[in-house]
Amino acid sequence: MPEQEIKGSTRLCGLIGDPVRHTFSPQIHNTLADLTGQDLVYTAFPVENPEGLDAAVRGAFELGILGMNVTVPYKQDVMKSLVGIDPAAERIGAVNTLVRTDNGYKGYNTDYVGLRRALEDKGISLKGKNVVLVGAGGAARSAAILCAEEGAACLAILNRTVEKAQSLCDAVAAHYDKIKLLSFDLQKAGSLPLDSYIVIQCTNVGLYPKVQETPVSDPAFIRKAEAVYDLIYTPEETRFMKLCKEHGIPAWNGMDMLLWQGVSSFELWTGAQVTAAQAEIVKKKLRKVLKERQ
Ligand code: NAP
C-alpha cells in the first residue's frame, strides 16, 4: 500500500491490459509517488473485453485519470483512441504510456526509452555496431527502432517465424535508410554471417516458470556475442544468460529496462525528475518483489 494518505485531491494513474494481475508497475509507481512526494496512486485495470477498449480510454479521461500504462494485448489497438502520438511511438507502431492533454490522451513508448537507458547504464553503445535481435514480437519492435535511432551499422533479426523477422526489417527500412537489415531463421543462428555482435534477447523463451528453455544454445552463435541484454527479468538469470556467461560474455536481465520504462512514464505524467538515488530505491524494491514471486 502507498504510505501516503489518499485524499480528495489524490490523482490516479493505472495500467490497462489483460491480464494485469501479475504486473510490477504498482510497486514502481507507488514507490516513486512516495519518494517524490507526488499526491498520486497507481493501480491496475483489467480490460477483458477488447471491444470495450475505446470506452475504457474515454472513460478514464472523463474520470480525470492522469495517465495510463498499456500492456498486452492493447499496445497497438489503443492508438486509435488517442489524440496524438509521439513520433518514436509512431515509428515503433505501439504505445505503452498515455499522457493526459486538454482534449484526450497522447501516446508514448517508454519501453523504447527504458531499453535505451538500461543499455546506457551497462555501457553498451549501439552506434556503428552489429546488433542481433532474437525475436520479432512487440518488444523487438521497440528494440529494432532503438537500434536504427542509435546508429547501429547492421541489424539482424532472428526469429522462429522468419516472415515476422522480415516484416520487422521492412518496418525499420520504411523509416531508416542507412542501417543494413537482415532477417534470419532462429534455428540456424549458428550460421549467421556476422563476425561479432551485441545481442538483445526479445523472446519470452526461458521466462519463469519454463526456466530451462533457451531461444538459442548453439556455441557457434553465442561465442561471437560481445554483450547480451535479455529482456526477461524473471528469472533473474535466464538459461540463455547463463550459457553466454559460461563463454565469458557479459549478460544482463531486463530489470533495468522495466525500471526505466516506469520512471520515464512517471516523469511524463508528473513532470517530476526522478533522481538516480530514488531510482536505486525502486530497483531494490523491484528486486525484492521479483524474488518473492519466484
Ligand atoms: P510477443 O509479442 O508475444 O513476441 C514473442 C516472441 O517470442 C516472438 O518473436 C516469438 O516468435 C518468440 N517465441 C515465442 N515462443 C517461442 C519459441 N518456443 N521458440 C522460439 N521463439 C519463440 O512478446 P513481447 O511482448 O515481444 O515480449 C517478449 C518478452 O519481452 C517477454 O518475455 C516480456 O516479458 C519481455 N519484455 C520485457 C520488458 C522489460 O521491461 N524488460 C518489456 C517488454 C517485454 P514467433 O514470431 O515465431 O512466434
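Refer to the preceding data block for the structure.
Residues numbered from 1 in each chain as written. Predicted model: local features only at pLDDT ≥ 70, side-chain atom pairs only at ≥ 80, totals over all residues. Heavy atoms only, no water.

**Focus: the sheet that holds strand 6 (residues 105–108)**
Pairing is mixed across the open sheet formed by six strands, whose spatial order is 2-1-3-5-6-4. In this open sheet, the two edge strands, each paired with only one partner strand, are strand 2 (40–46) and strand 4 (84–85). Relative to strand 3 (residues 67–70), strand 1 (residues 11–17) is paired through four bridges, and the arrangement is parallel. If you follow L15 over to strand 3, its bridge partner there is N69. (Pairing = 2+ DSSP bridges. Helix = DSSP H or I, 4+ residues; strand = E, 2+ residues; numbered from the N terminus.)

**Some words on the side chain of T10**
Mapped onto the elements of the fold, T10 is located in the segment before strand 1. Overall, T10 belongs to the buried group, its relative accessible area being 16%. Within the structure, T10 has its side chain in polar contact with the backbone nitrogen of K7 (distance 2.7 Å). At 2.8 Å, the side chain of T10 and the side chain of D39 are in polar contact. (Buried < 20%, exposed > 50% of the residue type's maximum accessible area, 1.4 Å probe, protein only. Polar contact = N/O pair within 3.5 Å; in protein donor to acceptor, adjacent residues only side chain to side chain.)

**Here's the deal with the site of the ligand**
Taken together, 20 residues form the shell around the ligand, and within it G138, A139, N159, R160 and T161 come nearest. A139 places a main-chain nitrogen or oxygen 2.7 Å from an oxygen atom of the ligand. Take N159: an N or O atom from its side chain is 2.8 Å from an oxygen atom of the ligand. Burial of the ligand by the protein amounts to 76% of the accessible area it has alone, namely 930 Å². (Near = heavy atom within 4 Å. Areas by Shrake-Rupley, 256 points an atom, 1.4 Å probe, with all protein chains shown as cover.)

**A short note on the packing of helix 1 (residues 25–36) against helix 9 (residues 255–270)**
Relative orientation of the contacting elements helix 1 and helix 9 amounts to 55 degrees, with a least axis distance of 10 Å. As the angle between them shows, helix 1 and helix 9 are arranged oblique. Regarding helix 1 and helix 9, the two cross each other, and that crossing is right-handed. Judged by residue contacts, I28, H29, L32, A33 and T36 of helix 1 engage L258, Q261, G262, V263, S265, F266 and W269 from helix 9. Looking at the contact of helix 1 with helix 9, its residues break down into seven nonpolar, five polar and no charged. (Axes fitted to C-alpha atoms, helices over the stretch in contact; angles between N-to-C directions. Parallel < 35°, antiparallel > 145°, perpendicular 65-115°, else oblique. Left-handed = near helix turned anticlockwise from the far one by under 90°. Contact = heavy atoms within 4.5 Å. Nonpolar A, V, L, I, M, F, W, Y, C, P; charged D, E, K, R; others polar.)

**Notes on the packing of aromatic side chains**
The tally for this structure, following the rule as stated, stands at four aromatic pairs. A ring pair is formed by F61 and Y105, whose centres lie 5.5 Å apart and whose planes are at 85 degrees; its orientation type is edge-to-face. In this pair, F61 is assigned in helix 2 (residues 53–62) and Y105 in strand 6, connecting sequence segments 44 residues apart. In terms of burial, F61 and Y105 fall into one category: buried. Both rings, one in Y197 and one in F221, keep their centres 5.2 Å apart while their planes meet at 25 degrees; by these two values the pair is stacked. Note that Y197 is positioned in strand 10 (residues 197–201) and F221 in helix 7 (residues 219–222), a separation of 24 residues in sequence. The exposure class assigned to Y197 is buried, which follows from its relative accessible area of 0%. Residue placement shows R100 over the ring face of F61; its charged tip is 3.9 Å from the ring centre. (Phe/Tyr/Trp six-rings, centres within 6.5 Å; stacked < 30°, edge-to-face > 60°. Lys NZ or Arg CZ within 6 Å of the ring centre and 35° of its normal.)

**Observations concerning the sheet that holds strand 11 (residues 225–230)**
Strand order in the open sheet made by the six strands is 9-8-7-10-11-12, with parallel pairing throughout. Of all strands in the sheet, those with a lone pairing partner are strand 9 (180–185) and strand 12 (251–252), marking the two edges. Where strand 7 (residues 130–134) lies against strand 8 (residues 154–159), five bridges are found, and the strand directions are parallel. For V134, the partnering residue across the bridge sits in strand 8 and is L158.

**Topic: the nonpolar core**
Formed by 36 residues in total, the largest nonpolar core has its most connected members in L115, L133 and I200. When residues of this core are traced back to their parent elements, those giving at least two are helix 3 (87–92), helix 4 (110–121), strand 7, helix 5 (138–149), strand 8, helix 6 (162–173), strand 10 and strand 11. Residue contributions to this core peak at seven residues, all from helix 5. If near-sequence neighbours (up to four positions away) are discounted, I200 is found in contact with L115, L119, V131, V132, L133, V134, A143, C147, Y229 and L231. Membership of the second largest hydrophobic core comes to 26 residues, among which are C13, V20, Y108 and A272. (Core = buried A, V, L, I, M, F, W, Y, C linked by side-chain atoms within 4.5 Å.)

**Some remarks on the environment of R91**
Topologically, R91 is positioned in helix 3. Through-space distance from the C-alpha of R91 to that of H175 is 7.3 Å; in sequence the pair is 84 residues apart. Apart from residues lying up to four places away in sequence, R91 is in contact with I145, E149, H175 and Y176. Reaching out from R91, the side chain makes a polar contact with the side chain of E149 at a distance of 3.2 Å.

**Regarding the pairing of strand 3**
Burial along strand 3 is two-sided: the residues G67 and N69 and M68 and V70 are all buried. In terms of strand pairing, strand 3 meets strand 5 (residues 97–100) through three bridges, oriented antiparallel. Paired with M68 across the strands is L98, a residue of strand 5.

Interpretation in functional terms is not warranted from these geometric data alone.
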